[in-house]
Amino acid sequence: MSAEPASPLAADPPPRRHRRYRAPAWYLRLPRWLRRSVAALTVLVLVLIGVASGYVASVDLPPDPAPPQASVLYYRDGHTVLARIGLADRTDVSLDRVPLHVRRAFLAAEDRDFYDHLGISVRGLVRALWTNIAHDGGQGASTITQQYVRNAYLTQERTVSRKTREAALALKVEHRWSKDEILERYLNTIYFGRGAYGIEAAARAYFGTAVDRLTVAQGAVLAAMVKDPTRGDPAVDATWAQQRWRWVLRAMAEQGWLDAGDAQNTPYPAVAKESVTTSTVSGPAGLIADRVEDELTRAGISRQQIRTGGLRVLTTIDATAQEAATDGIGKALKGQPKELRAALVAVDPADGGVRAYYGGDRGRGYFDDAMAARPPASTFKPIVLAAAEERGIGFRSMYNGSSPRLFESRDGAPLYNQENLQCPICPLDVAMVHSLNTPFYAVAEQIGPDAVRRLAHRLGVPEKYGDQQTLVDLKGEPAPGKTRPDIALGRYPVAPADMATLYGTLAGGGRRAERHFVQSVSTADGTTLHRYAKKTKRVLSDDVAADVGAVLSQVVQHDGPIPNLPAAAKTGSQQWADTTDSSDAWTAGWTPALAAVTWVGREKPGPIRQKNGKAINGDGIPYRIWRSFMADALHDQPARPLADPRMVGTPETVDLKRLPPTVKAYPGYVFPGPQRGDQVDRSKAKGSWAERTDRLTSVLDRYAATVPEFTVSVVDHRTGHRYDYHGDTPLEAASVIKVELLAALLLKAQGANRGLTGAEKSRVAKMIKASDNDAAKKVYQAIGGPGALRDACERLGLHDTEPASSFGLTRTTAKDQTRMVGALIDVDSPLTAKSQKAILSLMSSVNADQTWGVSAAQLAGERTALKNGWLARSTEDNRWIINSTGRITGDKTDVSVSVMSHGHQGQKSGIEVVEHVAALTRSYLGW
């Protein structure tokens, strides 16, 4: 019997059971919401990784970048080339030519993990993205690979899309080339400033050597520049460059690539002051190129892209106007002293575009006089007038234009008008035409100097130059951090370029447009990188601006009109110390189509004169430059009239209450007052020296019988002659002894082989220039009091001076005071030449308007270094001590004079006696 077949079900093996996956117990203990969040986040990360991978795969690595190309700057016509900014020096080198210590300096500065990452810094990338998204700002933190990609293939804009593409390309680059190849390419593409592109060119530009000869210190200098190739140049900002350099060395030490002691003690290497390996833009266009490059970097375009990207830059510079500026200055300065410098800036009032710019003719990288802050002198008076009109004071208001005048804010120092012009009843427009100081100082004092400062800032003066606040006193000046009415005299420095913006705002009817050099920037393929967006802001009433223009048009008519061209302008001359010379001469003005400012001076402030020895003032060379420039720059444009005056405000007369009742004058009458040297009659200097001294003594005897006691001492350093009238009589010194206090402090510093500290310099400046008694007390204490002063005087040859516990009560003689002046110029003096120069410089810089005393014996073209002193003595029925000591120098003059006196009923009468005595000595002695 056959067996029954087995059941298929029975024959098959039992099915295998699949066990379900169970998560770890710790995970199951998590709250459900957290488990779901973790799962969702995991999915999101996987998706992002997939998207990122796909994005990276989709980005093609461009071919090797084209060789760098110079960028071209065009005049505003878009066709005429102004300059080319570009690479002048590049030599690629292989990595084995770059010393290991130099490579490590760059790695320490820019990417210490370069050999360990895949081309991007995830942490840096996330931080950069977050900063761009959350704060709308640019953030770097790039690896060396990313930097290479950015320089080689991308723009310098700081956006999310650019940063993302940069990361993708960096990964591609890492896949294509080895780390050494990437580093080599990087070192050959970095821009180092000075036209040097790549490390070989940089080695030659900064150290005059090949890359394979660079030391550790030199390599760190170059590595420090990557962050900012302009500021990193030691010739541009030595402090920043050396701080960054020291940081690089410390970073190398932290990596174990440099001994810590070497990092701390290695001296900064010698760097060439300027590159001799690269050509540059010469002439006035060079500084225009500098200003254009600065503007583009502020717009986010890197200097490397500017130098190598072949950009097309359309500037605002007008070819006709620029030629007029360059030719006009060239003709005006031809044959003049070599130390004379000039600047000219012209802007379009409508949009702030710079139409002409001259800051010097030496080319790129040199000192730019158009950006250097200088005292603008009387070109600031229109701002005072505008501020007054904003407060209802019309330009027909009458002010006391007498000279000199005393103001409460000047601590007794009289204020003079230029050439001591007088206008007792003076409308403000007349005061503007004749550039009178006293009326506008009175206006500034009346409305408050802060009102003038605030308006100047609105019109175009920056609130700071670097870290220094503008239009305020500096340390060592009478009111540090505050603005005095001296702002009306243009005492606070402003750059010519900023004065052009200010006058451009007035020309624009009170609407301010930001000064700029660039209209647009595009790449070689036509992509626009930057375009100027016109923005104007009303900062002053057009009525006030029209009135200021109407007043300044009178100045042009007075100083010399431009044929067929209505214009408004103001000239200004900054007095050099207490001389009749100027240190800065200006003209600033406008037509409706163009505002321009010209300045003439020196690189280091000093007297400016023409080749014939005549002083240069604002109505001279600067006005001629300005006038010819405006005529030539606008010769092919139709003339446009200035706005009619609007007669803002009401005519005031309150300042006339300060006029003495005896003054008889009619409104607007301007006439010359007493001039320096008026009391000197040199025709009386006849005969031999002995005959002259006899006649002088006889005259002084007669004069002494009519006035309080005085003594005189004169030393002619050219001839060796000396004259004394009771010169050995001891009298109280008052403030003239402050010169001896300063000399004693310098002797003490010399003994300690040191210079004066910053605090000491500030203190002695106040003591001499502003005659600050509190500062003098501190100096007296610092030198050790009466005993120390006596010892110092003995060393200086002053044997008749007896110090008192109160420095002002020290008794001295006129003879000792001329000996003190002698100690400031004698080669055998215990004072070093540096100390002598420091004292004389301060004496020459005494409040420029405090020119009374022995300066009455000064003639035009001469200079006085002096110290005056006055004191009312309660023990003598409040009678006054009036003393004056100084040195008068000129082409044929070098004399020390001291006049000491006491017993005067008033300060003014005492000054008159001192000045008359000083003038008599010159009249009869003839020095």
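Just above sits the structure.
Here the structure is a predicted model, which means the values were calculated and not measured.

### Description of the overall build of the protein
Helices and strands together make up the secondary structure of the protein, namely 30 helices and 26 strands. Counting every position in the protein, which comprises 927 residues, the buried fraction comes to 53%. Long-range pairs, those at least 24 residues apart, make up 70% of the contacts in the protein with a sequence separation of at least 6. With the model as given, the accessible surface of the protein reaches about 42,000 Å², and the carbon-plus-sulfur share is 51%.

### Quick notes on the sheet that holds strand 5 (residues 312-315)
Here five strands make up an open sheet; going across it, the order is 2-1-5-13-14 and the pairing mixed. Single-partner strands in this sheet number two, and they are strand 2 (81-85) and strand 14 (528-531). Averaged over all pairs of adjacent strands, the angle between their axes in this sheet comes to 15 degrees, without regard to strand direction. Alignment of strand 5 against strand 13 (residues 518-522), held across four bridges, turns out to be antiparallel. The residue of strand 13 that forms the bridge with Val313 is Val521.

### Thoughts on empty space enclosed by the protein
Evaluated as defined, the whole model comprises four cavities of 30 Å³ or more. In this model, the largest cavity occupies a volume close to 60 Å³. As for the largest cavity, its lining consists of Leu565, Pro566, Thr591, Pro592, Ala593, Leu634, Gln637, Pro638, Ala639 and Arg640. Among the residues making up the lining of the largest cavity, the classes are represented as seven nonpolar, two polar and one charged. Taken as a whole, the second largest cavity spans an internal volume of roughly 50 Å³.

### Considering the environment of His635
Relative to the helices and strands, His635 resides in the loop between helix 22 (621-633) and strand 19 (671-672). Separated by 314 residues in the primary sequence, His635 and Ala321 place their C-alpha atoms 9.8 Å from one another.

### Some points on the nonpolar core
One finds Tyr357, Phe380, Leu540 and Trp590 to be the most contacted residues of the largest nonpolar core, which totals 88 residues. Ranked by the residues each element gives to this core, the list is headed by helix 20 (residues 496-507), at seven residues. Beyond its immediate chain neighbours, meaning those up to four positions away, Trp590 contacts Tyr503, Leu506, Ala507, Val548, Gly549, Leu552, Ala567, Ala568, Ala595, Trp626, Met630 and Leu642. Membership of the second largest hydrophobic core comes to 67 residues, among which are Ile737, Leu756, Tyr780 and Ile888.

### Some points on the side chain of Ser896
Topologically, Ser896 is positioned in strand 26 (residues 893-904). Assessed through its relative accessible area of 0%, Ser896 is described here as buried.

### Describing the pairing of strand 26
Burial analysis of strand 26 places 11 of its 12 residues in the buried class, which makes it a mostly covered element. Relative to strand 26, strand 20 (residues 710-716) is paired through seven bridges, and the arrangement is antiparallel. In the sheet register, Thr711 faces strand 26, and the bridge partner there is Met900. Pairing geometry for strand 25 (residues 879-890) and strand 26, over 11 bridges, is antiparallel. Paired with Trp880 across the bridge in strand 26 is His904. As consecutive antiparallel partners, strand 25 and strand 26 are separated by two residues.

### Remarks on the packing of aromatic side chains
Under the criterion given, the structure shown has 12 aromatic pairs. Seen in terms of ring centroids, Phe710 and Tyr725 are 5.6 Å apart; in terms of plane orientation they differ by 20 degrees. Their pairing is stacked. Here Tyr725 lies in strand 21 (residues 722-725) and Phe710 lies in strand 20, a separation of 15 residues in the sequence. With 6.5 Å between their ring centres and 90 degrees between their planes, Tyr780 and Phe807 make a pair best called edge-to-face. Pair noted here: Tyr780 is in helix 26 (residues 773-783) and Phe807 is in the loop between helix 27 (785-795) and strand 23 (811-812), with a separation of 27 residues, a long-range link. Comparing Tyr780 with Phe807, the two get one shared label, buried. Through pairs of rings, three or more aromatic residues link up here, namely Tyr666, Tyr669 and Phe671. Its guanidinium or amino end placed over the ring of Trp177, Arg176 lies 5.7 Å from that ring's centre, counting from NZ or CZ.

### Regarding helix 30 (residues 907-925)
With 19 residues, helix 30 should cover 27 Å at 1.5 Å per step; its first-to-last C-alpha distance of 27 Å lies within 8% of that length. Counting buried positions along helix 30 gives 14 out of 19 residues, so the element sits mostly inside the fold. Of the residues trailing helix 30, Gly926 is marked for its positive phi of about 75 degrees.

### A word on the state of the cysteines
For the structure shown, the criterion picks out one disulfide. The disulfide partner of Cys423 is Cys426, and the S-S distance across this bridge is 2.5 Å. Across the disulfide from Cys423 to Cys426, rotation about the S-S bond amounts to roughly 95 degrees, and the bridge is consequently right-handed.

### A look at unusual backbone geometry
Geometrically, the link from Ser403 to Pro404 is a cis peptide bond, its omega value of 0 degrees lying close to zero. As for its position among the elements, Pro404 is in the loop between strand 8 (398-401) and strand 9 (421-427). Non-glycine residue Glu419 carries a positive phi angle of around 60 degrees. By the secondary structure assignment, Glu419 is in the loop between strand 8 and strand 9. Assessed through its relative accessible area of 55%, Glu419 is described here as exposed. One non-glycine residue with positive phi stands out, namely Met647, at about 55 degrees. Residue Met647 is classed as partly exposed on the basis of its relative accessible area of 47%.

Cut-offs applied
Residues numbered from 1 in each chain as written. Predicted model: local features only at pLDDT ≥ 70, side-chain atom pairs only at ≥ 80, totals over all residues. Heavy atoms only, no water. Helix = DSSP H or I, 4+ residues; strand = E, 2+ residues; numbered from the N terminus. Buried < 20%, exposed > 50% of the residue type's maximum accessible area, 1.4 Å probe, protein only. Contact = heavy atoms within 4.5 Å. Areas by Shrake-Rupley, 256 points an atom, 1.4 Å probe, with all protein chains shown as cover. Pairing = 2+ DSSP bridges. Axes fitted to C-alpha atoms, helices over the stretch in contact; angles between N-to-C directions. 1 Å grid on protein atoms, 1.4 Å probe; cavity = no way out; pocket = protein on both sides within 12 Å on 5 of 7 lines; lining within 4 Å. Points joined across faces, edges and corners; volume = space filled by probe spheres on them. Nonpolar A, V, L, I, M, F, W, Y, C, P; charged D, E, K, R; others polar. Core = buried A, V, L, I, M, F, W, Y, C linked by side-chain atoms within 4.5 Å. Phe/Tyr/Trp six-rings, centres within 6.5 Å; stacked < 30°, edge-to-face > 60°. Lys NZ or Arg CZ within 6 Å of the ring centre and 35° of its normal. Expected span 1.5 Å × (residues − 1). Disulfide = S-S within 2.5 Å.

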